[in-house]
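One letter stands for each residue in the lines below.
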Amino acid sequence: MKLLRSFLLASVLAIVTLVIYLATHLGAFKSVDISEGNRPAMKMIYKDHTGSYHKIVATIEEVEKWAKENNIPCTESFGEYIDDANKVEEARLRSRGGCIVDAIPANLPEGIQSREIPARKYVVAIFEGSPGIGPLKVYPKAETYMKERQLVMDGSVIEIYVIHSSKTMTTTYLFPLAAPVPSAPTQ
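Quick look at the structure, then.

Brief notes about the overall build of the protein chain
Here is step 1: Along the backbone of the protein chain there are three helices and eight strands.
Here is step 2: Ordered by position from N to C terminus, the α and β elements of the protein chain give α-β-β-α-β-β-β-β-α-β-β.
Here is step 3: Across the 187 residues that make up the protein chain, the buried fraction comes to 35%.
Here is step 4: Split by element, the accessible area of the protein chain, about 12,300 Å² in all, is 57% carbon and sulfur.

Some points on the sheet that holds strand β1 (residues 32-39)
Here is step 1: If you trace the eight strands from one edge of the open sheet to the other, you get β1-β6-β8-β7-β3-β4-β2-β5, paired in antiparallel fashion. Looking along the sheet, the strands with just one partner apiece sit at the ends: β1 and β5 (113-117). Between one strand and the next, the sheet's axes are offset by a mean angle of 30°, whatever the strand orientation.
Here is step 2: Lying over the sheet, helix α2 (residues 57-69) contacts β2 (42-50), β3 (76-81), β4 (94-101) and β7 (157-163), oriented at roughly 135° with respect to β2.
Here is step 3: Strands β1, β3, β6 (120-127), β7 and β8 (169-176) of the sheet are contacted by helix α3 (residues 134-148), whose axis makes an angle of about 60° with β1.

A closer look at the state of the cysteines
Here is step 1: Scanning the entire structure with this criterion turns up one disulfide.
Here is step 2: A sulfur-sulfur distance of 2.0 Å marks the disulfide that ties Cys 74 to Cys 99. Given an S-S torsion of about -90°, the disulfide between Cys 74 and Cys 99 has left-handed geometry. You can see Cys 74 sitting in the loop between α2 and β3 and its partner Cys 99 sitting in strand β4, a full 25 residues away along the chain.
Here is step 3: What makes Cys 74 partly exposed here is its relative accessible area of 22%.

Quick look at α2
Here is step 1: If you check α2, its first and last C-alpha atoms are 18 Å apart, about what 13 residues at 1.5 Å a residue would give, namely 18 Å.
Here is step 2: Buried residues along α2 sit in contact with β2, β3, β4 and β7.
Here is step 3: Of the residues trailing α2, Asn 71 is marked for its positive phi of about 55°.

Digging into the pattern of salt bridges
Here is step 1: Using the criterion set out here, one finds 10 salt bridges in the structure.
Here is step 2: Here Asp 83 ties to Arg 94 by a salt bridge, and the two come within 2.7 Å at their closest N and O atoms. Of this pair, Asp 83 sits in the loop between β3 and β4 while Arg 94 is found in strand β4, placing the two residues 11 residues apart along the sequence.
Here is step 3: The shortest N-O distance in the salt bridge between Arg 149 and Glu 148 comes to 3.5 Å.
Here is step 4: The class of Glu 148 is exposed, set by a relative accessible area of 59%.
Here is step 5: Salt bridges here are not isolated pairs; linked through shared partners, they connect Asp 48, Glu 80, Arg 96 and Arg 115.

Reading guide: rules and limits
- All residue numbers here refer to positions counted from 1 along the written sequence of the relevant chain.
- In keeping with the predicted nature of the model, local features appear solely for residues at pLDDT of at least 70, side-chain atom pairs appear and are counted solely at 80 or more, and the whole-chain, interface and lining totals rest on all residues.
- Only hydrogens and water are removed before side-chain values are computed, so all heavy atoms of the structure are retained for them.
- The way it works is that DSSP assigns letters per residue, a run of H or I at least four long becomes a helix, a run of E at least two long becomes a strand, and they are numbered from the N terminus.
- Throughout this description, buried means an accessible area under 20% of the type-specific maximum (1.4 Å probe, protein chains only), exposed means over 50%, and partly exposed covers the range between.
- The method behind every accessible area is Shrake-Rupley, applied with a 1.4 Å probe, and residues are considered shielded solely by the protein chains displayed.
- Strand pairing is defined by DSSP finding a minimum of two bridges between the two strands.
- Between the N-to-C directions of two axes lies an angle of 0 to 180 degrees, each axis being a line fitted to C-alpha atoms and, for a helix, fitted only over the stretch in contact.
- When checking whether two residues touch, look at their non-hydrogen atoms; a contact exists if any pair is within 4.5 Å.
- What counts as a disulfide here is a pair of cysteine sulfur atoms lying within 2.5 Å.
- The length a helix should cover is 1.5 Å for every residue beyond the first.
- What counts as a salt bridge is simple: a side-chain nitrogen of Lys or Arg found within 4 Å of a carboxyl oxygen of Asp or Glu.

Next up, the structure:
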């Protein structure tokens, strides 16, 4: 009985240690900085992705690989998440993944597309943890920020990924804002 109790205690301690390690490694204890701001236009090369959002990594890596092979700088990767994952079936979720570039390259291969998103106003959330916990940590804080300020989101969320080293990265979340509705003149 004493051996079983010791084994259970060791197991619980191992699980707690693993959970704390993972939470720390993923950034669960890191802060999220949220503000509003105008962002300049962004030129993007990307591939479309359909399906679970957490499976977009291979699509982003495919575009990054093509950019590297063609000497196109890709210091910022991105995922653009078109559908609301709370409303659309996982298998039908649409997204785009690729690189933000200085100039749209000529002669893109089949499957890689380009677009330019015009300058606009966003709620900007910056997080230095894993983008994998963004939906749990960043999105709710951004939604609260917008609700408290009566801001309305208008468009797809864009996540911009910058890898600093094998252990650190920054994700900038852009929540596009609708243009404010002008107040009716008072008489």
